[in-house]
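Structural description and commentary
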Number of protein chains: 2
Amino acid sequence: MDGLQSSPRRAQINQVAEQLFSRKGYHATTMREIARALAIEGGSLYSHIASKQVLLFELVLACAEEFRRTAQAVIAEGGSARDQLRRFMRQHVAVIAASIDRAAVYFHEWRHLDTGQQAVIRQQRDEYDEFLRAILRSGIASGEFAAMDEKLVSLQILSQLNWSYQWYRPEGPLNSEDLAEAFFEIVMRGLEPR
Amino acid sequence: MDGLQSSPRRAQINQVAEQLFSRKGYHATTMREIARALAIEGGSLYSHIASKQVLLFELVLACAEEFRRTAQAVIAEGGSARDQLRRFMRQHVAVIAASIDRAAVYFHEWRHLDTGQQAVIRQQRDEYDEFLRAILRSGIASGEFAAMDEKLVSLQILSQLNWSYQWYRPEGPLNSEDLAEAFFEIVMRGLEPR
DNA sequence: CGAACATCCTAACGGGCGTTAGTTAGCAAG
DNA sequence: CTTGCTAACTAACGCCCGTTAGGATGTTCG
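Residues numbered from 1 in each chain as written. Chains lettered and ligands numbered in written order. Predicted model: local features only at pLDDT ≥ 70, side-chain atom pairs only at ≥ 80, totals over all residues. Heavy atoms only, no water.

**Remarks on the protein's contact with DNA strand C**
Residues in close proximity to DNA strand C total 16 residues, the closest being A:E41, A:S44, A:H48, B:T30 and B:Y46. When the atoms of DNA strand C within 4 Å of the protein are sorted by group, sugar and phosphate make up 60%. Within the contact set of DNA strand C, a phosphate oxygen lies 2.6 Å away from a backbone nitrogen or oxygen of A:E41. Within the backbone of B:T29, one N or O atom sits 3.3 Å away from a phosphate oxygen of DNA strand C. (Near = heavy atom within 4 Å. Polar contact = N/O pair within 3.5 Å; in protein donor to acceptor, adjacent residues only side chain to side chain.)

Dropping the structure here:
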């Protein structure tokens, strides 16, 4: 929740909004509900936020930046393509696991942003995707991964990582590192040259 | 769209609702919008449907039944576990590809159903998941697949299949059979015993 | 102490929604 | 021609929403 925590009350608003947006959807969540969860009145929220829409945008943006930050760190740290892929997947699952609600808002509620805001998010997503593709390409070039359609494989990997917010629960029996590792194993077996 | 097409107008309503629910979300779609897309008035929709909620429920249910029907056919047809898995994945992608909008509503908008309706859908989903798990188990038993946590692997497979509605476009360069085949190849390589 | 500021309350604005009930118009059948 | 039915229109109900502007309250600082 970096960069969003300008005050304790603002942090609370973000937290509650994230939960409610995730569970009920952006449009089905009212400002009065968010306020009620904080034991204040709906009109009071506007002391802290510009609008409902801006609130959503900032939540989505914060998550996008978290994904980017972690991917950048993976790339910056270098290592073999296999290692980078493992770390990339680990980080990805970790971001989701840190807050399932945030992930849900990021993956789905962003669609309710206006056109300009959506374009910003789309660009961030594309940049993030490009990190993975770069890893796959370098693995192919180094011979660590079999030749493949790296665009499609990156979509496949991201698909399984992204959808996990729908069923994975960090408080369950499986910790996020083991989950990522399990995913990585199968993916890696599929990618290894033969 | 089986079982839902009681009249031409009803079919149109379903089609438009599906599109709008998919693109804007259930709550952000108004009955007046659905009506407007059909060049009638909002109040007129109630000659054909009981309520907005029931409309959503029936759309989601129709898709759930389509998934189930195709999975049942795969199992009924038998064959090796490998073949069944391939066909299962093919059918899954085919159902999504048949209507991305329907898939989006099924995978996400179902959350806006009431508690009782959700329970119905959840049960259908669980039954569907069980089809895949049964295939994986039989593959393990027959030695076609390596031993594994079949629950987790089924979630992994379903994750990549399910998320595809977010990026796959049937009118694009890749047809749904080739997509399913590409997914199957990597999955299978990961599942094969070593 | 008084002023400034932050935060909250509150009433209300302007607008909108899902749905209902009564009416109307067109069509088909007797 | 008359009657019955279907499907649409329409006005309105009952309720709700995001947001604003003015006021009230508590805290901090000079």
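**Focus: the protein's contact with DNA strand D**
If you check the shell around DNA strand D, you find 16 residues, and the closest are A:T30, A:Y46, A:K52, B:E41 and B:H48. Of all atoms in DNA strand D that approach within 4 Å of the protein, 61% are sugar or phosphate atoms. Within the backbone of A:M31, one N or O atom sits 2.8 Å away from a phosphate oxygen of DNA strand D. Within the contact set of DNA strand D, a phosphate oxygen lies 2.8 Å away from a side-chain nitrogen or oxygen of B:S44. Across the surface near DNA strand D, the residue classes break down as three nonpolar, eight polar and five charged. (Nonpolar A, V, L, I, M, F, W, Y, C, P; charged D, E, K, R; others polar.)

**Re the nonpolar core**
Side chains of a nonpolar character, in soluble globular proteins, are inclined to be buried together. Ranked by internal contacts, the top residues of the largest apolar core, which has 124 residues, are A:L85 and B:L85. The residues contacting B:L85, other than those within four sequence positions of it, are B:L132, B:I135, B:F145, B:I157, B:F184, B:V187, B:M188 and B:L191. (Core = buried A, V, L, I, M, F, W, Y, C linked by side-chain atoms within 4.5 Å. Buried < 20%, exposed > 50% of the residue type's maximum accessible area, 1.4 Å probe, protein only. Contact = heavy atoms within 4.5 Å.)

**Notes on the side chain of A:Q124**
Residues and elements named next belong to chain A. Here Q124 lies in helix α6 (residues 115–142). Residue classification places Q124 among the buried positions, given a relative accessible area of 13%. Residues within four places of Q124 in sequence aside, it is in contact with L61, A64, E65 and R68. (Helix = DSSP H or I, 4+ residues; strand = E, 2+ residues; numbered from the N terminus.)

**Considering the interface of chain B and chain A**
The parts lose accessible area when they come together, and the size of an interface is often stated as this lost area. Tallying the contact residues gives 33 residues for chain B and 33 residues for chain A. At the boundary of chain B with chain A, total buried surface from both sides reaches about 3000 Å², with 58% on carbon and sulfur atoms. Of all residues in chain B, the largest losses of buried area upon contact with chain A belong to B:Q156, B:W163 and B:R189, amounting jointly to 24% of the total for that side. Viewed at the interface, chain A and chain B are joined by zero salt bridges. The interface formed by chain B and chain A contains 13 residue pairs in polar contact (both at pLDDT 80 or more). For the side of chain B that touches chain A, the secondary structure elements donating two or more residues are α7 (150–163) and α8 (176–191) of chain B. (Buried area = accessible area lost by both parts, 1.4 Å probe. Salt bridge = Lys/Arg side-chain N within 4 Å of Asp/Glu carboxyl O.)

**Let's talk about the relation of the copies chain B and chain A**
Rotating chain B by 180 degrees and moving it 0.0 Å along the rotation axis overlays it on chain A with an RMSD of 0.0 Å. On the angle and the small slide along the axis, the relation comes out as a two-fold axis. Comparing contact sets, 100% of the residues at the interface of chain B also lie at the interface in chain A, consistent with an isologous, same-surface contact. (Least-squares fit on C-alpha atoms with pLDDT ≥ 70 in both.)

**Description of the pattern of salt bridges**
What the rule picks out here adds up to 28 salt bridges over all chains. Note that A:E181 is salt-bridged to A:R86, the shortest N-O span being 2.9 Å. One end of the pair, A:E181, is in helix α8 (residues 176–191); the other, A:R86, is in helix α4 (residues 81–98), with 95 residues separating them in the sequence. A salt bridge links B:R86 to B:D83, with the nearest nitrogen and oxygen atoms 3.9 Å apart. Taken as a pair, B:R86 and B:D83 lie in helix α4 (residues 81–98) at a separation of three residues, close to a single helical turn. Overall, the relative accessible area of 32% leaves B:D83 in the partly exposed class. Within this structure, A:D83, A:R86, A:R90, A:E177 and A:E181 form a network of salt bridges that share partners.

**Considerations on helix α5 (residues 100–107) of chain A**
Of all eight residues that make up α5(A), eight are buried, and the element is covered over most of its length. Along its buried surface, α5(A) packs onto α1 (8–24), α3 (52–77), α4, α6 and α7 (150–163) of chain A together with α7 of chain B.

**Here we look at unusual backbone geometry**
Phi at A:A39 is positive, roughly 60 degrees, even though this residue is not glycine. Of the residues examined, A:A39 reaches a relative accessible area of 72% and is grouped as exposed.

**Overview of the packing of α3(A) against α5(A)**
Residue and element names in this part refer to chain A. With their axes 9 Å apart at the nearest point, α3 and α5 run at an angle of 105 degrees to one another. Viewed along their axes, α3 and α5 adopt a mutual orientation that is roughly perpendicular. Across the interface between the two elements, L56, V60, C63, A64, E66 and F67 from α3 touch R102, V105, Y106 and F107 from α5. In terms of residue class, the contact of α3 with α5 is made up of eight nonpolar, no polar and two charged. (Axes fitted to C-alpha atoms, helices over the stretch in contact; angles between N-to-C directions. Parallel < 35°, antiparallel > 145°, perpendicular 65-115°, else oblique.)

Geometric values such as these leave the question of function open.
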